[in-house]
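Chain by chain, the residues run as shown.
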Amino acid sequence: MSALLTTPTSAPQQQTRGFRSLLQRVSHHVEALPTAASVVIFVGMLVYGEIAYGRILQASTLSNLLINNAHLILLAVGLTFVILTGGIDLSVGAVIACSSVAGVMLINAGWNPWLAMVLMVLIGTAFGAVSGVLIQYFNVQPFIATLAMMFLGRGLASILSTQPVRLGDDSAARLLSMKIKIIDGPKVNDLVITPSVIIAALVVVIAFVILHRTRTGRTVYAIGGSEQSASLMGLPVAATKLWVYVISGSLAGLAAVLYTARLGSAQNITGLGWELDAIAAAVIGGTLLTGGAGFVLGSVIGALVLGLMNVLITRDGGIPPEATTIITGGILLVFVLLQRAVLAKQRE
């Protein structure tokens, strides 16, 4: 009889314990909340787009989303490394302009296209290396150092050409934008990718392994948490800070290759404002601007959120393109506030 009397109260107690256990697990992984929020927003945008406009949850939409944003994914991954250390890189958009214009001009001048594309990546590497040296060995603030590189890159691109330069239709560089059909769907609903998407995916995998499975990655997080503590632990702080800017610059150069191959042309205003898009993608994906917390995969989701937002605005037709920046700013503000809440919770 007593067992029957206590049975009704045991279920609520178990539910309460389960809820408390869930809260404890969440509190232990509070730094992942912004990334989880970005995933929820991405899924919500997909559902809203399908309900409001239709033909969003289909293979062709996913294909176009990946193909059109492969370069932004690379930029977001590079900025993730930099921001994790507490730094910033404002030069990536200008690096794309400089390296893309230089690469197309060299290809049109008769250079081997593959050699020219390697040089485009190396131009980005050089910009990143200069930024890293200025920051680490000359104690220049990351904002100032990369701002100087931004002006330098944009100026060099303008010196090279103020007019659009176009790749030849038969250029080997265009092979990177060749569509590869994965699934033959009904009508135009095919799942297709390009070599550029494959390259971006490989970069994401490599970046994930570096950040989460190597000593270099642990050092990146440690620097963002406390550079002084990382130095006291004997971690290679100087070399790591230099490398993160080299990585960011190199990925900007690679993004220039992918974007130029897809668009087929380059000009001195290419990449204008893309550094802000890349920063926004990283922040929306859960990377803390103060450094020390963030995920590569989160930055990828952040880039796809921005790309999907452009798709939905285009589908709507009634929203002016200028509203994209307003909406991006609003989303970014929400995530910055969420980051502040996360930091406050971590201090507790």
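The chain has the name Sugar ABC transporter permease in an unreviewed UniProt entry, where Candidatus Microbacterium stercoravium is given as its organism. In the Subcellular location (unreviewed entry) part of its UniProt record, the chain is described as follows: "Cell membrane".

*Asks:* Which residues make up the overall build of the chain, and what are the values?
*Replies:* If you tally the helices and strands in the chain, you get 14 helices and 4 strands. A buried classification covers 47% of the 348 residues belonging to the chain. Pairs at least 24 apart in sequence give 74% of the contacts found in the chain among residues at least 6 apart. A total accessible area of about 17100 Å² is found for the chain, and carbon and sulfur atoms account for 67% of it.

*Asks:* Provide a residue-level description of the environment of Leu235, including the pertinent values.
*Replies:* Along the chain, Leu235 turns up in the loop between helix 10 (227-232) and helix 11 (237-263). Linking Leu235 and Arg215, residues 20 residues apart in sequence, is a C-alpha distance of 9.1 Å. Setting aside anything within four residues of it in sequence, one finds Leu235 in contact with Arg215, Thr219, Ala222 and Ala230.

*Asks:* Describe in detail the side chain of Ser131, supporting the description with residues and values.
*Replies:* Mapped onto the elements, Ser131 comes out in helix 6 (residues 113-137). Judged by relative accessible area, which is 0%, Ser131 ranks as buried. Setting aside residues up to four positions removed in sequence, Ser131 forms contacts with Ala145, Thr146, Met149 and Tyr245.

*Asks:* Mind laying out the UniProt feature "transmembrane region" (unreviewed entry) in the chain, listing which residues take part and the relevant values?
*Replies:* In the numbering adopted here, UniProt assigns the feature "transmembrane region" (unreviewed entry) to residues 32-53, 65-84, 90-107, 114-138, 188-211, 242-261, 282-313 and 325-343. Secondary structure over residues 114-138 splits into 96% helix and 0% strand, and the C-alpha atoms at its two ends are 35 Å apart. Taken as a whole, residues 282-313 contains 66% helix and 0% strand, while its terminal C-alpha atoms sit 21 Å from one another.

*Asks:* Give a description of the environment of Gly103 that names residues and reports values.
*Replies:* Turning to its location among the elements, Gly103 is positioned in helix 5 (residues 92-108). Along the sequence, Gly103 and Ala116 sit 13 residues apart, while their C-alpha atoms lie 5.4 Å from each other.

*Asks:* Can you tell me about the nonpolar core, naming the residues and giving the values?
*Replies:* Residues Leu75 and Val77 are the most contacted members of the largest nonpolar core, which totals 80 residues. Looking at this core, the element that brings in the most residues is helix 4 (residues 70-84), giving 12 residues. Once you skip the residues sitting within four places of it in the chain, Leu75 turns out to touch Val92, Ile96, Ala252, Ala255, Trp274 and Ala278.

*Asks:* Give me the pattern of salt bridges: which residues, what numbers.
*Replies:* Tallied over the full model, the rule gives 3 salt bridges. Two residues, Asp169 and Arg174, come together in a salt bridge whose shortest N-O distance is 3.8 Å. Residue Glu227 is joined to Lys241 by a salt bridge in which the shortest nitrogen-to-oxygen separation is 3.4 Å. Placement of the pair is Glu227 in helix 10 and Lys241 in helix 11, with a sequence separation of 14 residues. According to the relative accessible area criterion, Glu227 is partly exposed, its value standing at 33%. If you follow the salt bridges from partner to partner, you end up with Arg166, Asp169 and Arg174 in one network.

*Asks:* I'd love a proper account of helix 8 (residues 195-213), names of residues and values included.
*Replies:* Its 19 residues place the ends of helix 8 26 Å apart at the C-alpha level, agreeing with the 27 Å of an ideal helix rising 1.5 Å per residue. Restricting attention to buried positions, one finds in helix 8 the residues Pro195, Ser196, Val197, Ala200, Val203, Val204, Ala207 and Leu211.

*Asks:* Any chance you could break down helix 5 for me, citing the residues and the numbers?
*Replies:* An ideal rise of 1.5 Å per residue puts 24 Å on 17 residues; helix 5 measures up with 24 Å between its terminal C-alpha atoms. Here helix 5 lies mainly inside the structure; 14 of its 17 residues are buried. One or two positions beyond helix 5, positive phi appears at Gly110, with a value near 110 degrees.

Thresholds, definitions, all that
Residues numbered from 1 in each chain as written. Predicted model: local features only at pLDDT ≥ 70, side-chain atom pairs only at ≥ 80, totals over all residues. Heavy atoms only, no water. UniProt positions renumbered as here; feature names shortened; annotations may be inferred. Helix = DSSP H or I, 4+ residues; strand = E, 2+ residues; numbered from the N terminus. Buried < 20%, exposed > 50% of the residue type's maximum accessible area, 1.4 Å probe, protein only. Contact = heavy atoms within 4.5 Å. Areas by Shrake-Rupley, 256 points an atom, 1.4 Å probe, with all protein chains shown as cover. Core = buried A, V, L, I, M, F, W, Y, C linked by side-chain atoms within 4.5 Å. Salt bridge = Lys/Arg side-chain N within 4 Å of Asp/Glu carboxyl O. Expected span 1.5 Å × (residues − 1).

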